[in-house]
Amino acid sequence: MTEPTGGAKGPDELRRQIERTRGELGNTVEELAGKADVKGRARARAADLRDKAGAMTVQLRSSAAQAGHSVQDRAAHVGPRPVRTVVQAGMRHPKPVLVAGAAGAVVAVGVVRWRHAHGHR
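Residues numbered from 1 in each chain as written. Predicted model: local features only at pLDDT ≥ 70, side-chain atom pairs only at ≥ 80, totals over all residues. Heavy atoms only, no water.

- Under an unreviewed UniProt entry, the protein chain has the name DUF3618 domain-containing protein and belongs to Streptomyces olindensis.

Below, the structure is given as structure tokens:
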């Protein structure tokens, strides 16, 4: 606010003081309204958190992709030659590997159920 100066020295100076005081009062009201706008601040915070979550998602996907490629590379080059050949073939043709795995799981479940039903534990 303005400091008391002992009064204005004429109508022009008084008008300038009034305008300056109005401007300061307008700024103060604007600041208070911003602090009182809880919904607006919550929306801004939510938008900020969404942006950060999106950036983190992109970073995590990139890290996961890099880790996956690293594991594939290691799996393709580790172990005895026949195992490497099978792993490489499985990476080139994943559907047959998935079908074989599913069939093996079905057989394993069937064997466990049969043994359980016939008292073989």
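1. Here we look at the overall build of the protein chain
1) Next: Helix and strand counts for the protein chain come out as 4 helices and 0 strands.
2) Next: When its helices and strands are written in sequence order, the protein chain yields α-α-α-α.
3) Next: Within the protein chain, the fraction of its 121 residues that count as buried is 2%.
4) Next: Counting only carbon and sulfur atoms, one obtains 62% of the accessible surface of the protein chain, whose full area is about 10,600 Å². (Helix = DSSP H or I, 4+ residues; strand = E, 2+ residues; numbered from the N terminus. Buried < 20%, exposed > 50% of the residue type's maximum accessible area, 1.4 Å probe, protein only. Areas by Shrake-Rupley, 256 points an atom, 1.4 Å probe, with all protein chains shown as cover.)

2. Things to note about helix H4 (residues 94-117)
1) Next: Over its 24 residues, H4 runs 35 Å from end to end, which matches the ideal 34 Å to within 8%, given 1.5 Å per residue.
2) Next: A positive backbone phi angle near 80° is found at Gly119, which sits one or two residues after H4. (Expected span 1.5 Å × (residues − 1).)

3. What to know about the pattern of salt bridges
Pairs may arise between side chains of opposite charge once their charged atoms sit close together.
1) Next: In the structure shown here, the tally under the stated rule is 4 salt bridges.
2) Next: When the shortest N-O distance is used, the salt bridge between Arg45 and Asp48 registers 3.6 Å. Of this pair, Arg45 and Asp48 both sit in helix H2 (residues 38-77), 3 residues apart, roughly one helical turn.
3) Next: Residue Lys52 is joined to Asp48 by a salt bridge in which the shortest nitrogen-to-oxygen separation is 3.7 Å. With Lys52 and Asp48 both in helix H2 and 4 residues apart, this pair spans about one turn of that helix. (Salt bridge = Lys/Arg side-chain N within 4 Å of Asp/Glu carboxyl O.)

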